Amino acid sequence: MAHTLPELPWAKDALAPHITPETLSFHHGKHHNAYVTNLNTLLSGHPLAGLPLEALIARVGEIDPSIKGKVFNNAAQHYNHSFYWKSLRPKSASGPGGSFLAALKGAFGSLENFKDVFTKECAGHFGSGWGWLVKEKDGSLKVVSTHDAGTPLTAGQVPLLTCDVWEHAYYIDYRNDRGAYLKNFWELANWEFAERNFAGQG
Ligand code: MN3
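The written sequence of each chain sets the order in which its residues are numbered from 1. At least 70 in pLDDT is required for a residue's local features to be given in this predicted model, at least 80 for side-chain atom pairs to be given and counted, and no such filter applies to totals for whole chains, interfaces and linings, which use all residues. By convention in this description, side-chain values take in all heavy atoms of the structure and omit both hydrogens and water.

Examining the domain arrangement of the chain
This is how it is decided: For the domains described, the bounds stem from an automatic or database domain assignment. Note on contacts: a residue pair is in contact if any heavy atoms of the two residues lie within 4.5 Å. Buried area: the sum, over both parts, of the accessible surface (1.4 Å probe) that disappears when the two are put together. Salt bridge, as applied in this entry: a Lys or Arg side-chain nitrogen positioned within 4 Å of an Asp or Glu carboxyl oxygen. Nitrogen and oxygen atoms within 3.5 Å of one another constitute a polar contact, given that in protein one can donate a hydrogen and the other can accept it, and given that sequence-neighbouring residues count only through two side-chain atoms. Strands are runs of DSSP state E lasting at least 2 residues, helices are runs of H or I lasting at least 4, and numbering of each runs from the N terminus. Three categories are distinguished: nonpolar for Ala, Val, Leu, Ile, Met, Phe, Trp, Tyr, Cys and Pro, charged for Asp, Glu, Lys and Arg, and polar for the others, with Gly belonging to the last.
Domain parsing of the chain yields domain 1 (21-86) and domain 2 (98-198). Computed from C-alpha atoms alone, the centre-to-centre distance between domain 1 and domain 2 is 21 Å. On the side of domain 2, 23 residues touch domain 1, which itself brings 18 residues to the contact. Around 1700 Å² of area is buried between domain 1 and domain 2 when both sides are counted, 68% of it from carbon and sulfur atoms. Contact with domain 2 buries area across many residues of domain 1, yet T23, F83 and Y84 alone supply 35% of it, more than any other trio. For the pair domain 1 and domain 2, the interface holds zero salt bridges. In this assembly, domain 1 and domain 2 are joined by 11 residue pairs in polar contact (both at pLDDT 80 or more). Looking at the side of domain 1 that touches domain 2, the elements with two or more residues in it are α1 (21-42), α2 (53-58) and α3 (65-87). In terms of residues, the side of domain 1 that touches domain 2 owes the most to one element, α3, which gives 10 residues. The class makeup of the residues in the side of domain 1 that touches domain 2 is eight nonpolar, seven polar and three charged.

Quick word on the packing of helix α4 (residues 98-108) against helix α5 (residues 111-124)
Heads up, the condition is: With axes taken as lines fitted to C-alpha atoms, and helix axes fitted only over the stretch in contact, angles between N-to-C directions fall between 0 and 180 degrees. Every angle not falling under 35 degrees, over 145, or within 65 to 115 is termed oblique; those three ranges are roughly parallel, roughly antiparallel and roughly perpendicular. It is the rotation of the near helix from the far one that decides the hand of a crossing: anticlockwise by less than a right angle makes it left-handed, clockwise makes it right-handed.
Two numbers describe how α4 lies on α5: the axes approach to 8 Å, and their chain directions differ by 65°. Accordingly, the angle class assigned to the pair α4 and α5 is roughly perpendicular. Crossing handedness for the pair α4 and α5: left-handed. Each of L101, L104, K105 and F108 in α4 lies in contact with α5, whose residues at this interface are L111, N113, F114 and V117. Tallied by class, the residues present in the contact of α4 with α5 amount to six nonpolar, one polar and one charged.

Right, dumping it as structure tokens:
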């Protein structure tokens, strides 16, 4: 079964003005689409071609070294972007709640401090990559960043929320101002999605 580009979970103008339809046309329609197309081309006729995405990423070590790196990069970018779209939602007044909020407070002191730690991780990430809130195997919460196509899955971490800090995520709307993009990320963060992932119901 070929991998497919997921539909965006909201209308293309739903995140404006923070993330515009033009950005989404390129980011989803061109960048993400290219990762999916490249992945299908690379795996054409391959025995692992039928695996679901997460299983493929877990077994990428079995793939011939001549294409392994490219398969990982395109598969992980497909995974990361699919996760990113779900990490965003049209502006909502509601924040995190329940046991998820309690866990955030336990790990970071307060919700505001969590947002500050996450923002700083994203702002300080050198070059292309991703900022993540993850749950470790012991259940603790942590903020991490990954380079290029890197994904927390390979570290055995459960991703809860992500922010794409590749320039293509913000350059049309913010030019070089990653800080302004990150500030507005909090207007769009999908706490319900993060909470479902925290509860293991992603
Ligand atoms: Mn991207």
